[in-house]
Amino acid sequence: MNNLNIPHIHTDKRIAADIPSVLDKAGAKSCPISSNNWKEKYPYAPKATFRLACTDNALLIHYHVEEDTVRATAADNGNVWEDSCCELFIAPDADSPFYYNIECNCAGQMLIGAGPGRSDRERAQGHILGTVDRWSTLGEGPFDEKPAPEAWELCLYIPCSALFKHHIATLAGTTVGANVYKCGDKLSRPHYLSWNPITTPRPDFHRPDAFGRMTFDK
């Protein structure tokens, strides 16, 4: 099981575009999303990393991706996992199967789901998604699959209130269960990569039993 310590930083910046510089100053560790759990059927493995930090009341995440093609056709609460997509699944109580799936395509269109398993998940409403600030080097507009630039980046400023089935004031000082993913179900070269390995026979990210641990500094 992977374990990661997440820095707690003090900043008034709430703009996603500022996150790379904020994490640079905090010395946030870059971690690979490199477990190609189903490489026999899906051998393609783009290079993807993530960095995390928490503030007093928010979670900051920065993805860096190098892949052959990119696609962004979904809108908020659409099938963003079919596009070039990065995902954070997080269980606020590391010993509970209840978790959130925070999925965002390369143009910043996203969904947040909540529940104890794959079935009967509750989606966050638009006003909750609107509290998450997003920034992508590929812009905000939709586009069909096309050759990717050398690399693209995606940042999310996620207030704790976006974990809408809990009343979490801060993540600082807590340990959560989590996994991080890079996927692209409908790209010409589909792929399913994870931070913490998954041992199911076919792609399945909704596996809280395969979550790693993340501890947020106080």
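Our subject in this report is the structure included herewith. (Residues numbered from 1 in each chain as written. Predicted model: local features only at pLDDT ≥ 70, side-chain atom pairs only at ≥ 80, totals over all residues. Heavy atoms only, no water.)

## Concerning the sheet that holds strand β2 (residues 31-32)
Here is step 1 of the chain: Here five strands make up an open sheet; going across it, the order is β2-β4-β5-β13-β11 and the pairing antiparallel. The outermost strands of the open sheet, each flanked by one partner alone, are β2 and β11 (133-136).
Here is step 2 of the chain: Sheet topology note: the strand β4 (residues 47-54)/strand β5 (residues 58-66) ladder contains eight bridges and is antiparallel. Residue pairing across strands places F50 opposite Y63, the latter belonging to β5.
Here is step 3 of the chain: Helix α1 (residues 19-26) contacts β4, β5, β11 and β13 (152-159) of the sheet and is inclined by roughly 100° relative to β5. (Pairing = 2+ DSSP bridges. Helix = DSSP H or I, 4+ residues; strand = E, 2+ residues; numbered from the N terminus. Contact = heavy atoms within 4.5 Å. Axes fitted to C-alpha atoms, helices over the stretch in contact; angles between N-to-C directions.)

## Quick look at the packing of aromatic side chains
Here is step 1 of the chain: Tallying each qualifying case throughout the model produces 10 aromatic pairs.
Here is step 2 of the chain: Here Y99 and F211 contribute two aromatic rings whose centre-to-centre distance is 5.6 Å and whose plane-to-plane angle is 85°, an arrangement assigned as edge-to-face. With Y99 in strand β8 (residues 99-105) and F211 in the loop between β15 (192-194) and β16 (212-216), this pair connects stretches of sequence that are 112 residues apart.
Here is step 3 of the chain: Relative to F164, the ring of Y100 lies with its centre 5.9 Å away and its plane at 70°, an arrangement referred to as edge-to-face. Taken together, the residues Y100 in strand β8 and F164 in the loop between β13 and β14 (175-183) connect sequence positions 64 residues apart. (Phe/Tyr/Trp six-rings, centres within 6.5 Å; stacked < 30°, edge-to-face > 60°.)

## Re empty space enclosed by the protein
Here is step 1 of the chain: One pass over the full model with this rule turns up one cavity of 30 Å³ or more.
Here is step 2 of the chain: Here the largest cavity defines a volume of roughly 40 Å³.
Here is step 3 of the chain: Forming the walls of the largest cavity are T11, K13, R14, I15, D18, I19, V22, L60 and Y157.
Here is step 4 of the chain: Per-class residue counts for the lining of the largest cavity are five nonpolar, one polar and three charged. (1 Å grid on protein atoms, 1.4 Å probe; cavity = no way out; pocket = protein on both sides within 12 Å on 5 of 7 lines; lining within 4 Å. Points joined across faces, edges and corners; volume = space filled by probe spheres on them. Nonpolar A, V, L, I, M, F, W, Y, C, P; charged D, E, K, R; others polar.)

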